[in-house]
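Summary of the model geometry
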Amino acid sequence: MALGPDQANYLFAVMRQAVGAAVLVFNGRDGEWRASVQDAGKRRGLLCCEQQTAPQRRPPDLWLVFSPVRKERTNFIVEKAVELGVARVLPVTTRFTQSERWRQDKQLAHAIEAAEQCGATFVPELTEVQPLDRLLADWPLDRTLLWADEALAGQAAGLGHGGAPAGPCAILVGPEGGFSNEEKTRLRSLPFVRAFSLGPRILRAETAAVAAIVLWQAAAGDWR
Ligand code: SAM
């Protein structure tokens, strides 16, 4: 297995590994493997995969749709989505999005690091940021969009009330300013949208994203 410049730099300069060292690797398709370093250059390297140490595992078919917030908080959302088990992460801009900053390459590196830290063998697909309107127009109709709607705060409308829907799902969490009236009207009109509450308090966007994933996982996730 050939290493690119960033991987070689990380393994040999940062982690100070050398020829002969044993490392654990995954590519998101073939599980986790123990490999030995065959060649260690400044900008390249070669690993030989020797034995599979864990099977390939995919998270449940859950997507996270969210509006980027400030940098560290967006990093937090991506990191926790990987750790908690999400298959796809879709950043969207909405009327009140305050930060359109989304560096897909940086977020991918961040997601890979999060997967390495938690022993996952899968990194969610991260899409480019897109307007919420366009995402809704192209939405796959067989996937329920679970909308975390702060207007329902305090009502018995949690994911536990009536259970999480069967089949493919996505969670939608809004920006710090919430959704505009036009966005709320549109969301309410769509047949694949189901609004739910995250309890009586208004949560920060990043707390809401984590809480919603945990609640969905508790009801329909991959516990076994
Ligand atoms: N400024 C908005 C307000 O005061 O109504 C709050 C927005 S909140 C910081 C960010 C997002 O988190 C919301 O758009 C919603 O998706 C989600 N959220 C926060 N608390 C929630 C709750 N109790 N129930 C459902 N969704 C919630």
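By convention here, each chain's residues receive numbers from 1 onward along its written sequence. Note on the predicted model: pLDDT of at least 70 is required for a residue's local features to be given, and 80 or more for side-chain atom pairs to be given and counted; whole-chain, interface and lining totals, by contrast, use all residues. Heavy atoms from the whole structure form the basis of all side-chain values; hydrogens and water molecules are not counted.

Right, let's talk about the domain arrangement of the chain for a bit. For the chain, the domain assignment lists domain 1 (2-54) and domain 2 (62-220). Residue ranges for the domains trace back to a domain assignment, done automatically or taken from a database. In this structure, domain 1 and domain 2 have C-alpha centres spaced 33 Å apart. Accessible surface is computed with a 1.4 Å probe, and the buried area is the amount of it that two parts give up when combined, taken over both parts together. Together domain 1 and domain 2 conceal approximately 410 Å² of surface at their shared face, both sides included; 73% is due to carbon and sulfur atoms. Salt bridge criterion: a side-chain nitrogen from Lys or Arg within 4 Å of a carboxyl oxygen from Asp or Glu. Counting across the domain 1 and domain 2 interface gives zero salt bridges. Here the side of domain 1 that touches domain 2 is composed, by residue class, of one nonpolar, two polar and one charged. Each residue is assigned to one of three groups, with Ala, Val, Leu, Ile, Met, Phe, Trp, Tyr, Cys and Pro labelled nonpolar, Asp, Glu, Lys and Arg labelled charged, and all others, Gly among them, labelled polar.

Attention shifts here to the pairing of strand S9 (residues 144-148). Counting buried positions along S9 gives five out of five residues, so the element sits mostly inside the fold. Only protein chains enter the area calculation, which uses a 1.4 Å probe; residues under 20% of their type maximum are buried, those over 50% are exposed, and those in between are partly exposed. Under the DSSP-based scheme used, a helix requires at least four consecutive residues in state H or I and a strand at least two consecutive residues in state E, with every element numbered from the N terminus. Judged by which residues are buried, S9 turns out to be covered on both faces: Thr 144, Leu 146 and Ala 148 on one side and Leu 145 and Trp 147 on the other are all buried. At least two bridges found by DSSP between two strands is the condition for calling them paired. Across four bridges, S9 lies against strand S11 (residues 193-196) in parallel orientation. In the strand pairing of S11, Ala 148 is matched with Phe 196.

Ordered in space as S1-S4-S3-S2, the four strands form an open sheet in which the pairing is antiparallel. Each edge of the open sheet carries a strand with a single partner, namely strand S1 (2-3) and strand S2 (22-26). Where strand S3 (residues 32-40) meets strand S4 (residues 45-54), eight bridges bridge the pair, whose relative direction is antiparallel. Residue pairing for S4: Val 37 is matched across the bridge by Leu 47.

The next thing to look at is the site of the ligand. Only a single heavy atom is needed: when it lies within 4 Å of a molecule or strand, its residue is near that molecule or strand. In the vicinity of the ligand there are 20 residues, among which Ala 148, Glu 150, Leu 198, Arg 201 and Leu 203 approach most closely. Nitrogen and oxygen atoms within 3.5 Å of one another constitute a polar contact, given that in protein one can donate a hydrogen and the other can accept it, and given that sequence-neighbouring residues count only through two side-chain atoms. At a separation of 2.6 Å, an oxygen atom of the ligand approaches a polar backbone atom of Ala 148. Between a nitrogen atom of the ligand and a main-chain N or O atom of Arg 201, the distance comes to 2.8 Å. Coverage of the ligand by the protein amounts to 83% of the 580 Å² it exposes when considered alone. Residue composition of the shell around the ligand, by class: 11 nonpolar, five polar and four charged. Residue-level accessible areas treat just the shown protein chains as cover; the underlying method is Shrake-Rupley with a 1.4 Å probe.

Time to look at the packing of aromatic side chains. Pairing of aromatic rings covers Phe, Tyr and Trp, the last counted by its six-membered ring, and requires centre-to-centre distances within 6.5 Å; plane angles under 30 degrees mean stacked, over 60 mean edge-to-face, and any other angle means tilted. Summed over the entire model, instances satisfying the criterion amount to four aromatic pairs. Their ring planes at 20 degrees and their centres at 5.8 Å tell us that Trp 139 and Phe 192 sit as a pair that is stacked. Taken as a pair, Trp 139 in the loop between helix H4 (132-137) and S9 and Phe 192 in the loop between helix H5 (181-189) and S11 lie far apart in primary sequence, 53 residues in all. Phe 192 sits in the buried class, given a relative accessible area of 8%. Among the aromatic residues, ring-to-ring pairing joins Trp 63, Trp 139 and Phe 192 into one connected group. Our definition puts a charge over a ring when NZ of Lys or CZ of Arg is within 6 Å of the ring centre and also within 35 degrees of the ring normal. Across the ring face of Trp 63, the terminal group of Arg 88 is positioned such that the distance to the ring centre comes to 4.6 Å. The aromatic ring of Trp 63 is capped on one face by Arg 143, whose charged end is 3.7 Å from the ring centroid.

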